[in-house]
Amino acid sequence: MALIDSKTGKKLRDYTIAELTEAANLMRGYDLVALCAAASGHAGGTLSIMDITAGLYLKIADHDPKNPDWADRDRVIWSTGHKAPSLYLGLGFAGYFPPEDVVTLRKLYSPFQGHPHWLKLPGVEVSTGSLGQGLSIAVGIALAGKLDGKSYTTFCIMGDGEQQEGNVWEAAMEAAHYKLDNLVAVIDRNRLQIDGPVSDVMEVEPLAKKYESFGWDTVEIDGHDMQQVAAALESAKQRAGKPLAVIANTVKGKGVSFMENVAGWHGKAPSYDEMVRGLNELGVAGAIPYDRLLADARRYQEAVEQRLESRMPHFTRNYWWNAGPTMKAEMEPTRKGFGQSLAAEGDDPRIVCLGLDISGSITISDFYSGKPERKPRWISLGIAEQSATAAAAGLAREGKLPVLGTYATFAVARNLDQLRVSVCYGNFNVLVAGAHGGVSVGPDGATHQALEDLFAVCGLPNMVAVVPCDALETRKATDYLLLQHAGPKYIRFAREATPVVTTAETPFVFGRANAIRFRGEAPRFLDAFETTLAGDYANEEEDLSIVACGPMVPEAMRAAWILKKEFGYETRVLNLHTLKPIDREAIVRAAQETGVVVTAEEHQVGALAWRVSSVITEAPELYETPVITGAIGIQDRFGDSGAPWELIKEFEVSAEHIAAKALELLAVRAGQTAEDAAWLKPEPRPLLATMLFNQEPPPLRLPARVG
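Conventions we followed
- Residues numbered from 1 in each chain as written.
- Predicted model: local features only at pLDDT ≥ 70, side-chain atom pairs only at ≥ 80, totals over all residues.
- Heavy atoms only, no water.
- Helix = DSSP H or I, 4+ residues; strand = E, 2+ residues; numbered from the N terminus.
- Rg over C-alpha atoms; globule rule 2.2 N^0.38 Å.
- Areas by Shrake-Rupley, 256 points an atom, 1.4 Å probe, with all protein chains shown as cover.
- Lys, Arg positive; Asp, Glu negative; His and termini not counted.
- Charge placed at Lys NZ, Arg CZ, Asp CG, Glu CD.
- Phe/Tyr/Trp six-rings, centres within 6.5 Å; stacked < 30°, edge-to-face > 60°.
- Buried < 20%, exposed > 50% of the residue type's maximum accessible area, 1.4 Å probe, protein only.
- Lys NZ or Arg CZ within 6 Å of the ring centre and 35° of its normal.
- Polar contact = N/O pair within 3.5 Å; in protein donor to acceptor, adjacent residues only side chain to side chain.
- Salt bridge = Lys/Arg side-chain N within 4 Å of Asp/Glu carboxyl O.
- Pairing = 2+ DSSP bridges.
- Axes fitted to C-alpha atoms, helices over the stretch in contact; angles between N-to-C directions.
- Parallel < 35°, antiparallel > 145°, perpendicular 65-115°, else oblique.
- Left-handed = near helix turned anticlockwise from the far one by under 90°.
- Contact = heavy atoms within 4.5 Å.
- Nonpolar A, V, L, I, M, F, W, Y, C, P; charged D, E, K, R; others polar.
- pLDDT = per-residue confidence, 0-100.
- Right-handed = clockwise from strand over helix to strand, strands pointing away.

S.K.: So what's going on with the overall build of the chain? Which residues, and what values?
M.R.: Secondary structure assignment for the chain yields 24 helices and 22 strands. Scaling as 2.2 N^0.38, a compact globule of 707 residues should have a C-alpha radius of gyration of about 27 Å, and the chain matches this with 27 Å. Dimensions of the chain, computed from the C-alpha atoms along their principal axes, are close to 80 × 60 × 50 Å. Here the chain has roughly 25,900 Å² of accessible surface; of this, 51% comes from carbon and sulfur atoms. Both charge centroids of the chain, one from 70 positive and one from 90 negative side chains, sit 2 Å from each other.

Right, here's the structure in full:
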């Protein structure tokens, strides 16, 4: 059947094989345009899966674009969530919305998230992104179909590298056990993943024999031969007794010569020139108004930026990073310091680094880059965080110094029990890197933005947690944790380039905070501040303290600059790089000597705020001292797709928001309203004249639809 009017049961359109082939080719073109407009995303896999997409959404799967929740529809689960643009284009070509709308891919407020979210876009069955979970969801949906006596088929789209996740094989076992003949796994076997060929990273073959041994039927097809695609998927709906695995042999980057079979195009978007070249190779340049679509995307982006700016606290001047002629900051990703440490210290024969498929991105591969003699101590374990964590415990038990790392949301979430039992319970010397922490990960969206990891890791006995503020401090922290601290240890750092606010001479002592003071504007942002160990700092009777960790330390420093220049307030900034064990003395002194404490974290409010508040409320020294506290952080919500610095504004964790919170608390201390806060210091500027809290702007609109 396929596209159906669910009210009448009639087909909306019956595509021929030739029409499906043409549609898939056109989808590839729109995919290139959307990725170019987003300037991020996954070109290789979205192109390899497009024939499957066209076959499913335009011919095989029963669904109704006007009734996305039709109870008898077939379900399509995209376990391989990073191929979301293919899903969106399948829905668009099927009639859920104009395909042109996908040009807002990965932009803030767009329903076309970096990884699919079913609550934002009708037609998306479930939210996915963390690989290996989709088949289990599909098992649950197929079981529900059996229980409810429904005849729908559940299709689950996966990648071949994804088969490295143990979760997949648990689901495969369950599907066979319950004879889920209403379940079809479609595996995009393009043979490449982020770190290279699947066979090199972690071999998954022979896939057909493995699924058959688990009790599945299998069929192998050419994933670019539409006749084979349609025949295999149609036959899957007419079977009984066993689930079916359709193994589709495909080419990563299909249709674009310079992308085909190149692992580097896994998570890369084309430039404008590359997009045009690709469209010409596909033969669709004349069929897609790509310049107009890119202009639509730019207009949408301008509306996003206007909306963000309307919601920001404003002052008499622009204090944003590098916006003025002075206070210039050098920007560098904190992750660079992690790789630099491993490169410098990796000659120690005990060090063993475990690769989990995003090795270059998180810089753990710097351990062996250019040093072939270290390659035997580089162990690639693929997309398998749980097993890798337990394997690291085994290596540590034998005297090795294992280091593993991945996105922070995967590093301490899906493997939390392995960390708890295998690593922490045995107190093993394992270094875990939680990379790409916080919303500044950007357009990948909520599934890849770690906003809860510190809750988990700080709750584990024996585990220590360090959240360095810039690349240099990340290097120092990694050096220390790697070779000096024995036991379970977690280091969390960001993906995006953030301000460098320390030097080689800046003190870094594990477990002890640094005190930072604004001393006056300077050509370089770094030179406007003085940093000392908090324990060595002499009280200057500041008006408030801002306690921060990670990339929020530079934001706290910028807030101190704003508060001084706009209102004359003096601020003590504490860089609490070691979150566990926490520097109790520095926090108590700050609370006692300033009376107002604001915490700032790029995480759900609490990982830092609750720990700092706990220190304050439990300190006998403060029993008779009034202390007012406030917290800046993520307010109990998931992340979103968008540019990193946009998300810093959207989630209200910028220096401007820290300064606004500080003014609010200072007003409370003075027994006045926030509007009166500016009058609490000598010769201040009026608060209401310099700080505007605008109302929520009207909702954004997608680009005008094309008839």
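Resuming the write-up.
S.K.: Please give an account of the packing of aromatic side chains that cites residues and values.
M.R.: Aromatic ring pairs are reported here in terms of the distance separating the ring centres and the angle at which the planes meet. In this structure the tally under the stated criterion is 22 aromatic pairs. Taken together, a centroid distance of 4.9 Å and an interplanar angle of 20° make the contact between Tyr 480 and Phe 510 stacked. You can see Tyr 480 sitting in helix α18 (residues 471-483) and its partner Phe 510 sitting in the loop between β15 (497-499) and β16 (514-518), a full 30 residues away along the chain. The buried category is assigned to Phe 510, whose relative accessible area is 18%. Taken together, the ring pairs in this structure connect Phe 315, Tyr 319, Trp 321, Phe 518, Phe 525, Phe 529, Trp 561, Phe 567 and Tyr 569 into an aromatic cluster. One cation-aromatic arrangement involves Arg 75 over Tyr 152; the distance from NZ or CZ to the ring centre is 3.9 Å.

S.K.: For unusual backbone geometry, give the residues involved together with the corresponding values.
M.R.: Residues Glu 205 and Pro 206 are joined by a peptide bond in cis, for which omega reads 0°. For the bond from Lys 580 to Pro 581, the omega torsion is 5°, close enough to zero to count as cis. Here Pro 581 shows up in the loop between β20 (578-580) and α20 (584-594). Phi is positive for Asn 261, which is not a glycine, with a value near 60°. Summarising the element assignment, Asn 261 is placed in the loop between β7 (244-249) and α10 (272-282). Despite not being glycine, His 436 shows a phi value in the positive range, around 55°. Tracing the sequence through the fold places His 436 in the loop between β12 (431-435) and α17 (453-458). Residue His 436 is classed as buried on the basis of its relative accessible area of 0%.

S.K.: Could you give me a rundown of the side chain of Arg 572, with the residues and numbers involved?
M.R.: Inspection of the secondary structure assignment puts Arg 572 in strand β19 (residues 571-575). Residue classification places Arg 572 among the buried residues on the basis of a relative accessible area of 2%. A polar side-chain atom of Arg 572 sits 3.0 Å from a polar atom in the side chain of Asn 539.

S.K.: With reference to specific residues and values, describe the pattern of salt bridges.
M.R.: One pass over the full model with this rule turns up 43 salt bridges. In this structure, the salt-bridge partner of Asp 217 is Arg 239, at a minimum N-O distance of 2.2 Å. With Asp 217 in strand β6 (residues 217-222) and Arg 239 in the loop between α9 (226-236) and β7, this pair connects stretches of sequence that are 22 residues apart. A relative accessible area of 22% places Arg 239 in the partly exposed class. The residue Arg 519 makes a salt bridge to Glu 530 at a minimum N-O spacing of 3.0 Å. Of the two residues, Arg 519 is situated in the loop between β16 and β17 (529-533) and Glu 530 in strand β17; the sequence distance between them amounts to 11 residues. A relative accessible area of 39% means that Glu 530 is categorised as partly exposed. Beyond isolated ion pairs, a larger network of salt bridges with shared partners links Arg 517, Arg 519, Glu 530, Glu 540, Glu 542, Lys 564, Glu 570, Arg 572, Arg 589 and Glu 593.

S.K.: Explain the sheet that holds β6 residue by residue, including any values.
M.R.: Taken in spatial order, the 5 strands of this open sheet run β1-β2-β3-β7-β6, and their pairing is parallel. Unpaired on one side and paired on the other, β1 (75-78) and β6 mark the two borders of the sheet. Direction aside, the axes of adjacent strands within the sheet are offset by 20° on average. Sheet topology places β1 next to strand β2 (residues 154-159); 4 bridges connect them, and they run parallel. Each bridged residue has a counterpart across the sheet, and for Arg 75 the counterpart in β2 is Thr 154.

S.K.: Tell me about the packing of helix α12 (residues 335-345) against α18, and name the residues and values.
M.R.: Relative orientation of the contacting elements α12 and α18 amounts to 45°, with a least axis distance of 7 Å. Considering the angle they form, α12 stands oblique to α18. In the packing of α12 onto α18, the handedness of the crossing is right-handed. Each of Gly 337, Phe 338, Gln 340, Ser 341, Leu 342, Ala 344 and Glu 345 in α12 lies in contact with α18, whose residues at this interface are Ala 471, Thr 474, Arg 475, Thr 478, Asp 479, Leu 482 and Leu 483. Looking at side-chain class alone, the contact of α12 with α18 contains 6 nonpolar, 5 polar and 3 charged residues.

S.K.: Requested: an account of the pairing of β2, with residues and values cited.
M.R.: A large share of β2 lies buried, amounting to 6 of its 6 residues. The two faces of β2 match: Thr 154, Cys 156 and Met 158 on one face and Phe 155, Ile 157 and Gly 159 on the other face are all buried. The sheet contact formed by β2 and strand β3 (residues 183-189) spans 6 bridges and is parallel. If you follow Cys 156 over to β3, its bridge partner there is Ala 185.

S.K.: Requested: an account of the confidence of the model for the chain, with residues and values cited.
M.R.: The predicted model of the chain has a mean per-residue pLDDT of 94, with 95% of residues at 70 or higher. Considering only residues more than four positions removed or in separate chains, one finds that residues 678-707, a stretch of pLDDT under 50, has 68 contacts.

S.K.: With reference to specific residues and values, describe the sheet that holds β20.
M.R.: Taken in spatial order, the 7 strands make up an open sheet running β10-β9-β11-β12-β14-β13-β20, and their pairing is mixed. At either margin of the open sheet sits one strand with a lone partner, and together these are β10 (378-380) and β20. Taken pair by pair, the neighbouring strands of this sheet meet at an average axis angle of 20°, ignoring direction. One ladder, built from 3 bridges, connects strand β13 (residues 464-466) with strand β14 (residues 489-492); its direction is parallel. When the bridges of β14 are listed, Ala 465 appears paired with Tyr 490.

S.K.: Pulling in residues and values, what's your account of the pairing of strand β21 (residues 596-604)?
M.R.: Most of β21 sits inside the fold, with 9 of its 9 residues counted as buried. Relative to β21, strand β18 (residues 544-548) is paired through 4 bridges, and the arrangement is parallel. From the neighbouring strand, Ser 545 faces β21, where its bridge partner is Val 597. The handedness of the β21 to strand β22 (residues 628-634) crossover, carried by helix α21 (residues 609-618), is right-handed.

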